[in-house]
Amino acid sequence: MISMLYAGLCTLLVIFLAMRVVRLRRMHKIGLGHGDNQELLQAVRAHANATENMPLALILLGSLELTGVSPLAINILGGTFLFSRIIHAWGVSRNVGYSRGRFWGMILTWLPMIVMAVFAIVASIGAQIPVLN
């Protein structure tokens, strides 16, 4: 299953982002929250934003794959989503305000999620409509 590849890669990205948070917490001796440390706040937000978006995207991706959407489409959607999460985390981690990584990371996160949501809704409605002979 192709979606399993993206689930695995996204999981590794989330673990990497979590390890960055742990490293910064230890370095700055901050057990909870961000203690007004901007670098830690950025790391926490990069991790949190990934965990906020990944579950829905991966559920949709796996569902579409199970319903027979082409492997090429699954790879395009999954690859775009994974790339978006990487550049978003990079953008949030490197800049407090606006950054191209953050901007394009969110655009490229939402775009495949919207496409997958529409595909899922249409496929679900289509499967529920009785076929007339």
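Residues numbered from 1 in each chain as written. Predicted model: local features only at pLDDT ≥ 70, side-chain atom pairs only at ≥ 80, totals over all residues. Heavy atoms only, no water.

A few words now on the pattern of salt bridges. Enumeration according to the criterion identifies 1 salt bridge in this entry. As a salt-bridge pair, Arg45 and Glu52 come within 3.4 Å of each other at their nearest N and O atoms. (Salt bridge = Lys/Arg side-chain N within 4 Å of Asp/Glu carboxyl O.)

We now examine helix 2 (residues 38-66). In a regular helix each residue adds 1.5 Å, so 29 residues correspond to 42 Å; helix 2 covers 42 Å between its end C-alpha atoms and thus fits that length. Within helix 2, the axis deviates most sharply at Met54, by approximately 30°, and proline Pro55 lies no more than four positions further along. The N-cap of helix 2, judged by a side-chain oxygen 3.1 Å from the amide nitrogen of Glu39 a few residues on, is Asn37. (Helix = DSSP H or I, 4+ residues; strand = E, 2+ residues; numbered from the N terminus. Expected span 1.5 Å × (residues − 1). Bend = angle between axes of the 7 residues up to and from the residue. Polar contact = N/O pair within 3.5 Å; in protein donor to acceptor, adjacent residues only side chain to side chain.)

For the rest of this paragraph, the subject is the packing of helix 2 against helix 3 (residues 71-94). Running from N to C, helix 2 and helix 3 cross one another at 175°; their axes reach a closest spacing of 9 Å. As the angle between them shows, helix 2 and helix 3 are arranged roughly antiparallel. For the pair formed by helix 2 and helix 3, the contact residues are Gln42, Arg45, Ala46, Asn49, Ala50, Asn53, Met54, Ala57, Leu61, Leu64 and Glu65 on the first element and Ile74, Leu77, Gly78, Phe81, Arg85, His88, Ala89, Val92, Ser93 and Arg94 on the second. (Axes fitted to C-alpha atoms, helices over the stretch in contact; angles between N-to-C directions. Parallel < 35°, antiparallel > 145°, perpendicular 65-115°, else oblique. Contact = heavy atoms within 4.5 Å.)

Formed by 21 residues in total, the largest nonpolar core has its most connected members in Leu17, Met54, Leu61, Phe81 and Met116. No other element matches helix 2, which puts 7 residues into this core. Apart from residues lying up to four places away in sequence, Leu17 is in contact with Ala46, His47, Ala50 and Ala89. Core analysis: the next-biggest nonpolar cluster, separate from the first, contains 5 residues, Val21, Leu24, Ile30 and Ala43 among them. (Core = buried A, V, L, I, M, F, W, Y, C linked by side-chain atoms within 4.5 Å. Buried < 20%, exposed > 50% of the residue type's maximum accessible area, 1.4 Å probe, protein only.)

The next thing to look at is a nonpolar patch on the surface. A cluster of nonpolar residues, Tyr98, Phe103, Trp104, Ile107, Trp110, Ile114, Val118 and Val122, forms a patch on the protein surface that exposes about 850 Å² of accessible area. Among the structural elements, Ile114 can be located in helix 4 (residues 100-128). Exposure remark for Ile114: the relative accessible area of 54% places this residue in the exposed category. (Patch = residues over 30% accessible without salt bridge, like charges linked within 9 Å, V, L, I, M, F, W, Y side chains within 5 Å. Areas by Shrake-Rupley, 256 points an atom, 1.4 Å probe, with all protein chains shown as cover.)

What follows concerns helix 4. Between the first and last C-alpha of helix 4 there are 42 Å, a value that for 29 residues agrees with the 42 Å anticipated at 1.5 Å per step. All buried positions along helix 4 are accounted for by Gly101, Gly105, Met106, Thr109, Pro112, Met113 and Met116. On its buried face, helix 4 sits against helix 2 and helix 3.

So, about the packing of helix 2 against helix 4. Contact pair helix 2 / helix 4: the axes reach a minimum separation of 9 Å and the direction vectors enclose 35°. Crossing geometry of helix 2 relative to helix 4 is assigned as left-handed. Residues Asn49, Asn53, Leu56, Ala57, Leu60, Leu61 and Leu64 of helix 2 form the contact with helix 4, whose participating residues are Met106, Thr109, Trp110, Met113, Met116, Ala117, Phe119 and Ala120. Of the residues assigned to the contact of helix 2 with helix 4, the class counts are 12 nonpolar, 3 polar and no charged. (Left-handed = near helix turned anticlockwise from the far one by under 90°. Nonpolar A, V, L, I, M, F, W, Y, C, P; charged D, E, K, R; others polar.)

Let's shift gears to the environment of Val118. On the secondary structure map, Val118 appears in helix 4. Accessibility expressed as a relative area gives 46% for Val118, which makes it partly exposed.

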